[in-house]
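Here is what each chain is made of, one letter per residue.
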Amino acid sequence: QQHPVFAPAVSCPEPRPPAQLSTDQEEVEVTQRMTVAALAQAMNRDCDHVYEALLNTDVDSDSLDPDSVLEEKWIKEVVTRSGMKFKWANLSDSIKRINRDAHRRPPADPSSLVPRPPVVTIMGHVDHGKTTLLDSLRKSQIVSTEAGGITQHIGAFLVQLPTGEKITFLDTPGHAAFSSMRARGASATDIVILVVAADDGVMNQTVESIQHAKRAKVPMIVAVNKCDKPQSDPERVKRELLAHDVVCEEFGGDVQSIHVSALKGDNLLALTEATVTLAEVLELKAEPGGLVEGLVIESRTDKGKGSVTTAIVQRGTLKRGCFLVAGNSWAKVRLLFDENGRAVTEAGPSCAVEVVGWKELPSAGEVILEVESEQRAREVTEWRSGEEEQQKLLEEQSIIMVKQEVHLQEYQRKRAELSHLSRRQRKLALYQEYKTNLSEKERKKDQDDRLGLTLIIKGDMDGSVEAILNLLDGYDAQQQCELDIVHFGIGDVSENDVKMAETFHLRLQRRRRQVGAAAGGKSGVPLRLHTVIYKLVDELKDELSSRLPPLVSQNVIGEASVLAMFQVSVGKKKVAVAGCRVQKGQLDRRHKFRLIRGRDTVWEGCASALRHHKDDVQAVKTGMECGLSPDDDYADFRPGDVVVCFEDLNCPQVTSWNPGF
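Rules used throughout
Residues numbered from 1 in each chain as written. Predicted model: local features only at pLDDT ≥ 70, side-chain atom pairs only at ≥ 80, totals over all residues. Heavy atoms only, no water. Disulfide = S-S within 2.5 Å. Buried < 20%, exposed > 50% of the residue type's maximum accessible area, 1.4 Å probe, protein only. Helix = DSSP H or I, 4+ residues; strand = E, 2+ residues; numbered from the N terminus. Phe/Tyr/Trp six-rings, centres within 6.5 Å; stacked < 30°, edge-to-face > 60°. Salt bridge = Lys/Arg side-chain N within 4 Å of Asp/Glu carboxyl O.

Draft legend 1. Representation of the state of the cysteines. Under the definition given, this model contains 0 disulfides. Between C645, a cysteine without a disulfide, and C606, which holds the nearest cysteine sulfur, the sulfur-to-sulfur distance is 9.7 Å. Classification of C645 by relative accessible area gives buried; the value is 0%.

Draft legend 2. A look at unusual backbone geometry. We note that S350 has phi near 75 degrees; this positive angle belongs to a residue other than glycine. Mapped onto the fold, S350 is located in the loop between β17 (346–347) and β18 (352–358). Non-glycine residue H613 carries a positive phi angle of around 60 degrees. If you trace the backbone, H613 turns up in the loop between β26 (607–612) and β27 (615–616).

Draft legend 3. Spatial organisation of the packing of aromatic side chains. Taken as a whole and judged by the stated rule, the model has 4 aromatic pairs. With 5.9 Å between their ring centres and 20 degrees between their planes, W603 and Y634 make a pair best called stacked. Of this pair, W603 sits in strand β25 (residues 600–605) while Y634 sits in the loop between β29 (625–630) and β30 (642–651), placing them 31 residues apart in sequence. Of the two residues, W603 and Y634, both sit in the buried class. Ring geometry for W603 versus F637: centroids 6.2 Å apart, planes at 70 degrees, classification edge-to-face.

Draft legend 4. Region of the structure containing the pattern of salt bridges. Taken as a whole, this structure holds 33 salt bridges when the rule is applied. Linking D245 and K214 is a salt bridge whose minimum nitrogen-to-oxygen distance equals 3.9 Å. Of the two residues, D245 sits in the loop between α7 (234–242) and β9 (256–259) while K214 sits in helix α6 (residues 204–215), which places them 31 residues apart along the sequence. The exposure class assigned to D245 is exposed, which follows from its relative accessible area of 61%. We classify K214 as partly exposed; its relative accessible area is 39%. Residues R611 and D616 are paired through a salt bridge, measuring 3.1 Å at the closest nitrogen-oxygen approach. Judged by relative accessible area, R611 falls into the partly exposed class, the value being 43%. Taken together, the salt bridges that share partners define one network made up of R104, R105, E287, E293 and R315.

Structure (structure tokens):
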């Protein structure tokens, strides 16, 4: 028999505190999305050191090069394996870059200024005759070439009057979807001609045009158009304008009003004289020399020319070979064209020209500045791109900090709530909370599995795409059908666009099958071509409505009162039968039935048999008696109950989105 052996008591040393990190470890400032070269430079090592630190990790070090971007966890891993401490660089305290941006020149010496033609923007409501008025001034036929008879781009034209004066006209769209274009036209102009139809009066876009002109602090001339129509009332138009602080000279104000007929060309000379007179009062002058300054009015892509912008020159003289910057894009001017497509060698102040030679397409509304060389142009665009990226990083960092703060507060709140519980009780409470959160996530996932519409938008001009995006930005029917814009751009539909659309189309088909809906339909990508924006909106609304599930409504076919309840033998089985008399309409065995007792529905289902006397019948009409047997063996019929026969009707659902026109 073995006896237990007792070891002598040994005094246990006191537990030591965890070892502190050495304070002499080198600190490395890191940022998100660092490249291999940037990380090596921050650590004062070469790129091979980074590759070696990533050995025996999930990163394929053989595929890395100095410009490869590393994920956050691998940046930390490299620093830690190198025996260093990492510290996130504070973007606001980072080394200030030298400002390489280009700016407008200071005001010119008054002695160097020369008179320039006025830039006049024609604004007003859709179909009030703005483009027809410009056609009459230019002796052209622009209206006949416009899709749908409405203007959908900003047009810039130089008109020479019979008296020799020159005026640059900007024709803006009047449709409700093109608000940003009208604002851009008002900000680039000296004078606004507000066209109001004498038979229509002041309309929505008329009021909006007035507001744009006032915000830009631009003087107005009112052209009351369509005065040749028998129902025209120019005086009513002027009275309506008073409500919007536009006081014509006839009412003691300073706004000139001219009655014209753009279609017949009546009184157009008086309109041009009023414009020239106002321009003389404004004393419009500009400096023809020095570096060019201007404004992008519209931009588009052309198969033969590449990226093309329509620009207004505000200062200097634009020539071929100039280096320009606008936003994050730059150009060496290869060609200049006037509004008639004729090549020109230069364009002075107030001239509208098409500029060819952009490396990337600038956005409409960007300021154009001339720089000294290609190197300087690249420097400016790189600086601006860097500033944008820096701003984006700051915004992302602020969002992350807010989320971290919310998460910390939530964590501390939960700990405080569970602090009075024992360890076992805390584990049970946390487990129950986990199950609740899991079921909530599943519920949200089911809600997110609604069918949606994915769009890729391509347009001929930047302004058109901008108008469509602004329109879709107001989409407010996401609870019915999700609308997702995955890509947009300028130019023709490319093969890459189709491939991207196919990817999302297939993903949508898979999602449909997952939620149990019929996949159906064509496997190809639907392509919709539009030249008129309101037709695009109409088809988009129809497409959204077609994706909505039908609304189910119930149509009552007949009602009957229960007189008695009895049982009959069918083989060896007893079947409950309700003896009824039809009070209204008819009972039809092919449809559904509902049993109502008082105000409550106590049964709903189908009938397995409907008999009149001893005959099986399909339907029983008003005043006739019958026996009704439910198909689910329901047996609780009572005298006085009401049996309702009804059918389900599927009605197509219409999207609730209303773009406002």
